[in-house]
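Structure assessment
What follows is the residue order along each chain.
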Amino acid sequence: MYVLCSPCILNPVLRADGITRPSDLEAFERVKTRCNAFGIEIIPLPCPETLYLGPDRIPGTFLERLDTPAFYRLMDELEEQVREIIVKRGPPLCIIGVNSSPTCGVTSTWYGNRDDEPPRRNGRGVFLSRFPYIPAIDTLVFARYRVYLAAPLFSDAERSYNLQVADLLRKNLFEVYLPQETGDDCNTRKKEEQGRLFSANKNALEDADIVVAVIDGADADSGTAWEMGYAFAQGKRVIALRTDFRHVGINEQVNLMLEQSAAVVDSWEALLVAIQSPMKMRDP
């Protein structure tokens, strides 16, 4: 398994002067860590901007600096190189791009002013747009892969279900912290152990990129609700999995505060879409 990626993820000096923030460098490292953890080889794409403008360049839009016949010819040559890689190795899992890049943006790109359109546009950059048949994911999205799985764990059925959800996420290239796997699985704990588990779970919540919460039942489990609220207060993304068809109100699936602080999905399939699984992106 391999991914194609913007070359600046592996070598940030390829980026235009002054645009790289510490958060970008952290995301680049997370991309490499995730790929290493799941045995995914990283193949860098060629960098059209660096080859055309050189490594020491000021930021600019496509229309300002790249909209020339010479640059189109260069992209033709580089596209052929990438196609040769795909023919030799087979289709990649996905392309990991860098949003706002005029060439390697995934969902946004600095294209430039034309007519009344804003300089920043939705859609792929001019180089990635040459590979519409390959799923693409932004660096910041791919870098968010550490999941805290919040769920009730008080019966064999609940613990078995949690393990199935955790297994699904791991098979989709997510690292999962599941409290029941760290000893939070019985009612015979002493005070010291309760404190240890609280600290361990709280620290894991703080380290997580995403919280997936199982909220089936007539009412959401209180511990799960606390974990959702704590994650939301920290600005983390919360995805609530509710396969229970009961609703608590005419327009509410669950408690108002939980529903408004999370993306509620009703199936494993919808969970994979919401969490932006790279494996799901390549499904037909």
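Use the structure listed above.
In this report, the structure presented in the accompanying data block is examined. Just so it is clear, the model here is predicted, and its values are computed rather than measured.

The next thing to look at is unusual backbone geometry. Phi angles above zero are rare outside glycine, and Ser100 is one such case at about 85 degrees. Summarising the element assignment, Ser100 is placed in the loop between strand 3 (95–97) and strand 4 (108–110).

Glancing now at the pairing of strand 1 (residues 2–5). Taking every second residue as pointing to the same face, both faces of strand 1 are buried, with Tyr2 and Leu4 on one and Val3 and Cys5 on the other. In this structure, strand 1 lies alongside strand 2 (residues 41–44), joined through four bridges in parallel fashion. Paired with Cys5 across the strands is Pro44, a residue of strand 2. Two elements, strand 1 and strand 3, share two bridges in a ladder whose sense is parallel. In the sheet register, Leu4 faces strand 3, and the bridge partner there is Ile95.

What follows covers the pattern of salt bridges. A complete count under the given rule lists 18 salt bridges for this structure. For Arg21, the salt bridge goes to Asp24, with nearest N and O atoms at 3.1 Å. By relative accessible area, which is 8% here, Asp24 ends up buried. Here Asp76 makes a salt bridge to Arg130, at a shortest N to O gap of 2.7 Å. Linking Asp76 in helix 5 (residues 69–89) with Arg130 in the loop between strand 5 (120–122) and strand 6 (136–138), this pair joins segments that are 54 residues apart in sequence. By relative accessible area, which is 16% here, Arg130 ends up buried.

Taking strand neighbours across the sheet as the criterion, the five strands line up as 8-7-9-10-11 in an open arrangement whose pairing is parallel. With one partner strand each, in any of the chains shown, strand 8 (175–177) and strand 11 (263–265) form the two edges of the open sheet. Within this sheet the neighbouring strands show an average axis-to-axis angle of 25 degrees, counted without direction. Of the pairings in the sheet, the one linking strand 9 (residues 210–214) to strand 10 (residues 237–241) comprises five bridges and is parallel in character.

Take the side chain of Glu79 next. Within the element layout of this structure, Glu79 appears in helix 5. Engagement of the side chain of Glu79 in a polar contact is seen with the side chain of Arg130, the distance being 2.8 Å. Once residues within four sequence positions are removed from consideration, Glu79 is found in contact with Phe127, Arg130 and Phe131.

Here four strands make up an open sheet; going across it, the order is 2-1-3-6 and the pairing parallel. The open sheet has two free edges, formed respectively by strand 2 and strand 6, since each of these has just one partner strand. Shown here is a sheet whose adjacent strand axes are inclined to one another by a mean of 30 degrees, direction ignored. Strand contacts of helix 5: strand 1 and strand 2, with the helix running at about 175 degrees to strand 1, the strand carrying the most contacts.

What counts as what
Residues numbered from 1 in each chain as written. Predicted model: local features only at pLDDT ≥ 70, side-chain atom pairs only at ≥ 80, totals over all residues. Heavy atoms only, no water. Helix = DSSP H or I, 4+ residues; strand = E, 2+ residues; numbered from the N terminus. Buried < 20%, exposed > 50% of the residue type's maximum accessible area, 1.4 Å probe, protein only. Pairing = 2+ DSSP bridges. Salt bridge = Lys/Arg side-chain N within 4 Å of Asp/Glu carboxyl O. Axes fitted to C-alpha atoms, helices over the stretch in contact; angles between N-to-C directions. Polar contact = N/O pair within 3.5 Å; in protein donor to acceptor, adjacent residues only side chain to side chain. Contact = heavy atoms within 4.5 Å.

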